[in-house]
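Survey of secondary and tertiary structure
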Amino acid sequence: MTMPHHALDITLTRALTPAQLHQAAKTMPIAANHDATRLMAVVRAKTPDKACNRLRHQMGGRLPIDVITTHYPDPQGQILLNVAFPPTAHAHLDAAAEHAGQPLHLFVQGAVHRALVRHADEESDRLDRALQHLLVGTIPSQLLAALGRALTHTTGAALC
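Starting afresh in each chain, residues are numbered from 1 along the sequence in its written order. Only residues with pLDDT of 70 or above have their local features reported here, since the model is predicted, and side-chain atom pairs are shown and tallied only from 80 upward, although totals for entire chains, interfaces and linings are computed over all residues. To obtain the side-chain values, all non-hydrogen atoms of the structure were included, while hydrogens and water were left out.

Bringing unusual backbone geometry into the picture now. Phi is positive for Ala36, which is not a glycine, with a value near 55°. Secondary structure is summarised from DSSP: a helix means a run of H or I of at least four residues, a strand means a run of E of at least two, and numbering begins at the N terminus for each. Within the element layout of this structure, Ala36 appears in the loop between strand S2 (30–32) and strand S3 (38–44).

Let us now look at the pairing of S3. Burial along S3 is one-sided: Leu39, Ala41 and Val43 are buried, and none of Arg38, Met40, Val42 and Arg44, which face the opposite way, are. Strand pairing is assigned whenever DSSP identifies at least 2 bridges connecting the two strands. Bridge count between strand S1 (residues 5–12) and S3: seven bridges; the pairing is antiparallel. Across the sheet, the residue bridging to Thr11 is Arg38, located in S3. As defined by bridge partners, S2 adjoins S3 across three bridges and the pair is classed as antiparallel. Bridge assignment links Ala31 to a residue of S3, and that residue is Met40. Between S2 and the antiparallel strand that follows it, S3, lie five residues; Ala36 among them carries a positive phi value of about 55°. Buried residues are those whose accessible area, probed at 1.4 Å on protein chains only, stays under 20% of the maximum for their type, while exposed residues exceed 50% and partly exposed ones sit between those limits.

Further remarks concern the confidence of the model for the chain. The predicted model of the chain averages 89 in pLDDT, with 95% of residues at 70 or higher. Note: pLDDT gives the predictor's confidence per residue, expressed from 0 to 100. The secondary-structure element of the chain with the lowest mean pLDDT is helix H5 (residues 140–158), recorded at 78, while helix H3 (residues 87–100) shows the highest, at 95.

A few words on the sheet that holds strand S5 (residues 81–83). By way of backbone hydrogen bonds, the strands of a sheet pair with one another, either parallel or antiparallel. Taken in spatial order, the five strands line up as S2-S3-S1-S4-S5 in an open sheet, and their pairing is antiparallel. Each edge of the open sheet carries a strand with a single partner, namely S2 and S5. The average undirected angle you get between the axes of adjacent strands in this sheet is 25°. On top of the sheet, helix H2 (residues 48–59) reaches S1, S2, S3, strand S4 (65–70) and S5; it is set at about 155° to S4, its chief contact. An axis is simply a line fitted to the C-alpha atoms; with a helix, the fit covers only the stretch in contact. Between two such axes, the angle follows the N-to-C directions and lies from 0 to 180 degrees. Throughout, a residue-residue contact means that at least one pair of heavy atoms, one from each residue, lies within 4.5 Å.

Next up on the list: the pattern of salt bridges. In the sections that follow, a salt bridge refers to a side-chain nitrogen of Lys or Arg positioned within 4 Å of a carboxyl oxygen of Asp or Glu. Throughout the structure, instances matching the rule amount to two salt bridges. Its salt-bridge partner being Arg38, residue Asp9 comes within 3.9 Å of it at the nearest N-O pair. Separated by 29 residues along the polypeptide, Asp9 in strand S1 and Arg38 in strand S3 bring together distant segments of the chain. Under the relative-accessibility criterion, Asp9 is labelled buried at 12%. Close ionic contact of Glu123 with Arg126 constitutes a salt bridge, the shortest N to O distance being 2.6 Å. Note that Glu123 and Arg126 are positioned in helix H4 (residues 104–136) at a spacing of three residues, about one turn of the helix. Exposure remark for Glu123: the relative accessible area of 29% places this residue in the partly exposed category. Assessed through its relative accessible area of 40%, Arg126 is described here as partly exposed.

Right, dumping it as structure tokens:
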């Protein structure tokens, strides 16, 4: 049986120097974004979780890794998030999870999910308020035309 490969995104706490990037690439093939604050790696492992752990083990001492995420969603549409919390934060999370009667990973997963839902709701409300403000002095057809122009100019420059 062949071992699958997993594409992982690495978010760094600070940009790498060219020398640091070169040194890290000796350990494992990686690709960097334009400012060397995000990297991409492909890691062989049985599961995405093991791939994240392998990457953190091999590169953790060489890179200022903040977060590792799977690049592609799993069949349920989920992205795996691998965060190494400082000991104090880990202890607080552990205590809160124990108090809630949940394993740590489920407690953190639930907290992240609730925060993302709250953020999406707040963003939706903000956009609704902004749209209502625009509609006060504009008829819908004018607003739609302006939106079309803005999207054409914004996305036209980003097309490859």
